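# Topology and contacts: notes
This is what each chain is made of:
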Amino acid sequence: MQRRDFLGVAGAASALALAGCEAPLTPIDGGFTGIDVARGHAMRDGALKSQAPITMKRTRVVIAGGGVAGLAAARALRLSGIEDFALLELEDTPGGNARSGIVNGIACPLGAHYLPVPNDDAREVQDLLEELGLRRRVSGRWEYDERHLCHSPQERLFFRGEWQDGLLPMHDVGESTHAQYRKFAQRVDALQHAEHFAIPTLKVALTPELLALDALPFERWLDSEGFSDAQLRWYLDYCCRDDYGAGMEQVSAWAGIHYFASRHGFHAPGSSGSGADSTPERDGVLTWPEGNGWLTQRLAAPLGDRLRTGQVVTRIAELRGGVEVDAWDAASKSMVRWQAERCIVALPVFIAARVVENAPAVLANAARHLRYAPWLVANVHLRGPLADRSGAAPSWDNVVFGTRGLGYVDARHQDLDPTPRGTVISWYRPLGPSRYDAADGRRVLLERPWTAWRDELLAELSVPHPDLPALATRIEITRYGHAMAIPTPGLLAQMGAANGGRVAAGRLSFAHADWSGYSIFEEAFTRGHVAGMGVA
Ligand SMILES: Cc1cc2nc3c(=O)[nH]c(=O)nc-3n(C[C@H](O)[C@H](O)[C@H](O)COP(=O)(O)OP(=O)(O)OC[C@H]3O[C@@H](n4cnc5c(N)ncnc54)[C@H](O)[C@@H]3O)c2cc1C
């Protein structure tokens, strides 16, 4: 055991003791799952690249990468009448960061777990939701399927020894904190009216005002605006880690404000007629026990054998009359060469820059500027419902104030059957640089044994749920070394050249959430859709 791991375990054990709970009574099974780290690294290390292709195949369009963007591109091709294409995906299941898993028979997310009800800028996503029957017009108004809208109560925060509604610290905070909440709400409101903060970002015209916000770290902007309150700053930092995987000193002021201004704004408690002490819930979100895997499975279903999983793309080359894509087939352990008219590169930018021969300037520039936040998701099977501390009722999203993890969501939250029984909770842990973590998150992720993560999560969540160690039977952990792009200061300006719509160079079109400089379903989906339509 390495010193760092020993300290991690020792720290977790003492935190467990502080939380007033014993070490697990029965051993908890578990380990790493979800992502084939070795397959990805084989591509990086060049072990696969040197193999000569032994099979040749032809198609009209190759899509490299089967995450949300690649699947959206495939859908766009089909909508345009192009059926002759192949989608090559490295893992054995499609969906990328939005895949689902099953722990002890219970479906749960491996990554993304919700989709906010899209606003009018996200027309492409709205169209998908209509196609999937999630949204329909009733008496002239759009309605969302209640079964998939997150049921109330949506979120709660464990703060000062009890659960409270909403995620903004409220219990016993003073008037000066309330004044800062109100002031921040007014500032966001003013910016929302002055500028266009939109999702997806490719619909935004970059004004000098937006670029000025982009140039500044969010923390510095908060300082300059006089937002010094500790509770407000904790909450804003939590939001940055939640959406961007890194702390508020790492992301741009544009990103910190975009989080609110592009959607629901920031509601100061009591500002929406909900009572002076209550925090309004955020706008509607769609969620499923298996998270956004519900969406990616439906996007993949019509593809049939055009979806090829277990295919590691190692080379994409643009030739005079078409493109060549080499992919290592994990089943036959051999290299396949695809010849096509065009290729949609729906790979993370850092991978695209490695596999595209003579990377075009737009790709090389993006790869130079993007930094990634690693993430970890732990799915914990519980044999029965957790006991609770006093305060707000169990919610879908349950956050503990001041912890490294972002809290947990409950896979059974949408279940209409009230019978108490076992469930799976998914604990989210960003590892980008922040006040909690240094910049070496990827190394920590690779080196730490799963048991160290088990102990960290038990230590955090045992504070509100002392019976957690006794109820947990299994913990499955998914690691993402390059989970999402961090919207660092200046990135919007750099990627701006790639914005304004489709990113393409010659016969290659690029689609991935990375091209938006941060990572959510709507960005990935719209980028894939635009690339597919452009190729068609
Ligand atoms: C832990 C976590 C939680 C999240 N939660 C949410 C959420 O709740 N809501 C939300 O909207 N967003 C969330 N996101 C972000 C969201 O999941 C992403 O924006 C979206 O899924 C990205 O899709 P993508 O297609 O752009 O990228 P990716 O998911 O990165 O897809 C790229 C695909 O390319 C494949 N690939 C890589 N290399 C190769 C290769 N050499 N050959 C072939 N294939 C390859 C990968 O396996 C992958 O399937 C979360 C992300 C993470 C990591």
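Source: prediction; values computed, not measured. Residue numbers run consecutively from 1 along every chain, following the written order of its sequence. Two thresholds apply to this predicted model, a pLDDT of at least 70 for residue-level local features and 80 or more for giving and counting side-chain atom pairs, whereas whole-chain, interface and lining totals are computed over all residues. Only hydrogens and water are set aside when side-chain values are computed; all heavy atoms of the structure are taken into account.

## Some thoughts on the environment of R306
To keep it simple, the criterion reads: Strands are runs of DSSP state E lasting at least 2 residues, helices are runs of H or I lasting at least 4, and numbering of each runs from the N terminus. Think of it in three bands: with a 1.4 Å probe and only protein chains considered, a residue is buried below 20% of the maximum accessible area for its type, exposed above 50%, and partly exposed in between. Contacts between residues were defined by any pair of non-hydrogen atoms, one from each residue, lying within 4.5 Å.
Along the polypeptide, R306 turns up in the loop between α10 (293-300) and β13 (307-308). A relative accessible area of 16% means that R306 is categorised as buried. The spatial distance from the C-alpha of R306 to the C-alpha of P269 is 50 Å, given a sequence separation of 37 residues. The residues touching R306, leaving out its near neighbours within four places in the chain, are R78, E83, F85, A86 and L87.

## Description of the sheet that holds strand β23 (residues 503-505)
Counted only if it meets this: In this scheme, strands are said to pair when DSSP sees at least two bridges between them. Lines fitted to C-alpha atoms define the axes here, with helix axes fitted over just the stretch in contact, and angles between the N-to-C directions of these axes take values from 0 to 180 degrees.
Within the open sheet, the six strands sit side by side as β13-β4-β3-β17-β24-β23. Their pairing is mixed. In the strand order of this sheet, the two ends are held by β13 and β23, each with one partner. Relative to strand β4 (residues 85-88), strand β3 (residues 61-64) runs parallel, the two sharing four bridges. Opposite V62, over in β4, you have A86 as the bridge partner. Relative to the sheet, helix α17 (residues 521-535) contacts β3, β17 (342-345), β23 and β24 (508-510), its axis offset from that of β17 by approximately 175°.

## A look at the pairing of β17
Judged from the four bridges that link them, β3 and β17 form a sheet pairing that is parallel. Paired with A64 across the strands is V345, a residue of β17. Note: β17 against β24, three bridges, orientation parallel. Its bridge partner lying in β24, C343 is registered against L508.

## Brief notes about the site of the ligand
Applied cut-off: Note on definitions. A residue lies near a molecule or strand when any single heavy atom of the residue is within 4 Å of it. Whenever two N or O atoms come within 3.5 Å, that pair is a polar contact, provided that in protein one can donate a hydrogen and the other can accept it, and provided that, for residues adjacent in sequence, both atoms are side-chain atoms. The protein chains shown are the only cover counted for residues, whose accessible areas, like all others here, come from Shrake-Rupley with a 1.4 Å probe.
In the vicinity of the ligand, 34 residues are found, and the nearest of them are E89, Y114, H512, A513 and S519. Backbone polar atom of G96 to an oxygen atom of the ligand: 3.4 Å apart, as the coordinates give it. Backbone polar atom of V313 to a nitrogen atom of the ligand: 2.8 Å apart, as the coordinates give it. Compared with its free state, where it exposes 1,000 Å², the ligand has 94% of that area covered by protein.

## What to know about the confidence of the model for the chain
The predicted coordinates of low-pLDDT regions are not to be read in fine detail. Here is the rule we go by: pLDDT expresses, on a scale from 0 to 100, how confident the predictor is about each individual residue.
For the chain, the mean per-residue pLDDT works out to 91, and 92% of the residues sit at or above 70. Predicted confidence is poor over residues 1-24, with pLDDT under 50, and the contacts of this stretch with residues over four places away or in other chains come to 30 contacts. Considering only residues more than four positions removed or in separate chains, one finds that residues 273-281, a stretch of pLDDT under 50, has 20 contacts.

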